Amino acid sequence: MKIAIIGTGNVGRSLGEALSKCNEVVYGSRKPEETKAKLNGANVATIEEASKGAELIILAVPYHSAKEAIHEMKNNEKDKILIDVSNPMDEHMRWAKGFNESAAEEISKHAKGAKVVKAFNTIFAENMKTGQLGAEKLTTFIAGDDEGAKAKVMELARGIGMEPVDVGMLEKARYIEPVGMLMIELGYGRKMGTGIGMKLVGRNSA
Ligand SMILES: NC(=O)c1ccc[n+]([C@@H]2O[C@H](COP(=O)([O-])OP(=O)(O)OC[C@H]3O[C@@H](n4cnc5c(N)ncnc54)[C@H](OP(=O)(O)O)[C@@H]3O)[C@@H](O)[C@H]2O)c1
């Protein structure tokens with residue numbers, strides 16, 4: 001599959017490393033030439049170009065930059081799967097949303113016509129390279145309104161090594177995003193580090 005990853009930070013690069021094993025990955029960056037040199041000649045384009053040629057787009061930018069990044073796609077996200085990995089935080093790493101709303105729903109309003117799927121936000125970037133900690137597959141909670149899009153993202157997650165769990169419609173991102181914040185609190189606030197992850201137990205495999 002042709003995948004565009006918008007944002008070349010921790011998450012963008014980790015998912016890029018994982019997904020480029022079986023897919024064609026192009027990064028969308030604000031400064032493609034500079035970024036290409038930093039990423040050892042990886043396939044880097046402008047956000048507009050990367051999103052144009054892709055079948056699926058991963059938005060891996062900070063929550064507060066999502067609207068701007070979507071604007072840069074120039075409507076290329078229309079009719080495509082758009083994965084939102086964000087944890088909505090303010091500049092002090094505090095929760096930036098209420099509990100009757102979600103970043104994913106907000107993003108779907110900006111990305112008109114895109115099939116937005118919430119995924120990967122509860123897994124630390126470094127663990128996204130394999131989706132596993134030791135022999136344990138990490139759970140990634142998935143939400144989205146388009147069943148076909150969700151199925152594709154779940155397949156992608158399994159391909160990385162994660163265990164996807166379908167939480168329901170996109171509105172259920174309201175439950176998934178606070179779980180991402182819990183992980184950040186444990187990793188950084190409680191100083192457990194990023195070598196931790198979540199696994200749903202006591203159920204049949206997804
Ligand atoms: N870090 C984690 O462990 C983790 C885990 C789960 C979810 N998340 C979520 O994943 C997202 C990315 O996190 P990260 O840790 O990868 O952040 P990061 O290391 O700060 O990287 C973000 C990237 O986004 C791009 N960017 C920044 N501002 C932008 C803008 N205005 N328009 C377009 N692109 C912009 C930049 O790439 P270019 O310079 O190439 O444009 C930047 O490298 C966040 O929403 C975060 O909440 C992070």
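Residues numbered from 1 in each chain as written. Predicted model: local features only at pLDDT ≥ 70, side-chain atom pairs only at ≥ 80, totals over all residues. Heavy atoms only, no water.

**Student:** Looking at this structure, how should I read the overall build of the protein chain?
**Tutor:** When helices and strands are tallied, the protein chain shows 7 helices and 10 strands. C-alpha atoms of the protein chain, sized along the principal axes, occupy 45 × 35 × 35 Å. Residues classed as buried in the protein chain amount to 49% of the 206 residues present. A separation of at least 24 residues holds for 67% of the contacts in the protein chain among residues at least 6 apart in sequence. For the protein chain, the exposed surface amounts to about 10,300 Å²; the carbon and sulfur share of it is 50%. Put simply, the protein chain has 29 plus and 28 minus side-chain charges, and the middle of one group is 1 Å from the middle of the other. (Helix = DSSP H or I, 4+ residues; strand = E, 2+ residues; numbered from the N terminus. Buried < 20%, exposed > 50% of the residue type's maximum accessible area, 1.4 Å probe, protein only. Contact = heavy atoms within 4.5 Å. Areas by Shrake-Rupley, 256 points an atom, 1.4 Å probe, with all protein chains shown as cover. Lys, Arg positive; Asp, Glu negative; His and termini not counted. Charge placed at Lys NZ, Arg CZ, Asp CG, Glu CD.)

**Student:** Can you help me understand the pairing of strand S9 (residues 139–144) in this one?
**Tutor:** Strand residues, when the strand is regular, have side chains that alternate between the two faces of the sheet. Most of S9 is tucked away, with 6 of its 6 residues classed as buried. Where burial is concerned, the two faces of S9 agree: the one with Thr139, Phe141 and Ala143 and the one with Thr140, Ile142 and Gly144 are both buried. Taken together, the 5 bridges between S9 and strand S10 (residues 163–168) define a ladder with parallel strand orientation. Its bridge partner lying in S10, Phe141 is registered against Val165. In the classification by handedness, the crossover that spans S9, the intervening helix H6 (residues 147–160) and the parallel S10 is right-handed. (Pairing = 2+ DSSP bridges. Right-handed = clockwise from strand over helix to strand, strands pointing away.)

**Student:** Quick question: what am I supposed to make of the packing of aromatic side chains here?
**Tutor:** Within a pair of aromatic rings, the relevant descriptors are the distance that separates the centres and the angle that separates the planes. Summed over all chains, the structure comprises 2 aromatic pairs. Arranged with centres 5.5 Å apart and planes meeting at 20 degrees, the rings of Trp95 and Phe99 form a pair that is stacked. Taking relative accessible area as the criterion, Trp95 reaches 23% and is therefore assigned partly exposed. The class for Phe99 is exposed, based on a relative accessible area of 58%. (Phe/Tyr/Trp six-rings, centres within 6.5 Å; stacked < 30°, edge-to-face > 60°.)

**Student:** Mind showing me how you'd approach the sheet that holds strand S2 (residues 24–28) here?
**Tutor:** Sheet strands associate in pairs through backbone hydrogen bonding, adopting either a parallel or an antiparallel arrangement. Read from one edge to the other, the open sheet built from 8 strands follows the order S3-S2-S1-S4-S5-S6-S9-S10, with strand pairing classed as mixed. If you trace the sheet from one side to the other, it starts and ends with strand S3 (44–45) and S10, each paired once. Sheet topology note: the strand S5 (residues 81–84)/strand S6 (residues 115–118) ladder contains 4 bridges and is parallel. Each bridged residue has a counterpart across the sheet, and for Ile83 the counterpart in S6 is Val117. The strands that helix H1 (residues 10–19) touches are strand S1 (2–6), S2 and strand S4 (56–59); relative to S2, the one it contacts most, it runs at about 165 degrees. (Axes fitted to C-alpha atoms, helices over the stretch in contact; angles between N-to-C directions.)

**Student:** What exactly am I supposed to notice about the pattern of salt bridges here?
**Tutor:** Charged atoms that come close allow side chains of opposite charge to pair. Applying the stated criterion to the full structure yields 10 salt bridges. A salt bridge links Lys118 to Asp84, with the shortest nitrogen-to-oxygen separation between them at 2.7 Å. A residue pair is termed long-range when its members are at least 10 positions apart, and Lys118 in strand S6 and Asp84 in strand S5 qualify at 34 residues. Exposure class is identical for Lys118 and Asp84. Each is buried. A salt bridge links Lys150 to Asp166; the shortest N-O distance between them is 3.0 Å. On the criterion of sequence distance, the pair formed by Lys150 in helix H6 and Asp166 in strand S10 is long-range, its members being 16 residues apart. By relative accessible area, Asp166 is classed as partly exposed at 37%. If you follow the salt bridges from partner to partner, you end up with Asp84, Lys118 and Glu177 in one network. (Salt bridge = Lys/Arg side-chain N within 4 Å of Asp/Glu carboxyl O.)

**Student:** Quick question: what am I supposed to make of the site of the ligand here?
**Tutor:** Inspection of the region around the ligand gives 25 residues, with Thr8, Val11, Ser29, Val61 and Ala125 positioned closest. Here an oxygen atom of the ligand and a backbone polar atom of Gly9 are 3.2 Å apart. The separation between an oxygen atom of the ligand and a polar main-chain atom of Ala125 is 2.8 Å. Calculation on the ligand without its partners gives an accessible area of 890 Å², and the protein chains cover 81% of this total. When contributions to the shell around the ligand are tallied by element, the ones reaching two or more residues are H1 and helix H4 (66–72). Residues belonging to the shell around the ligand are distributed by class as follows: 13 nonpolar, 10 polar and 2 charged. (Near = heavy atom within 4 Å. Polar contact = N/O pair within 3.5 Å; in protein donor to acceptor, adjacent residues only side chain to side chain. Nonpolar A, V, L, I, M, F, W, Y, C, P; charged D, E, K, R; others polar.)

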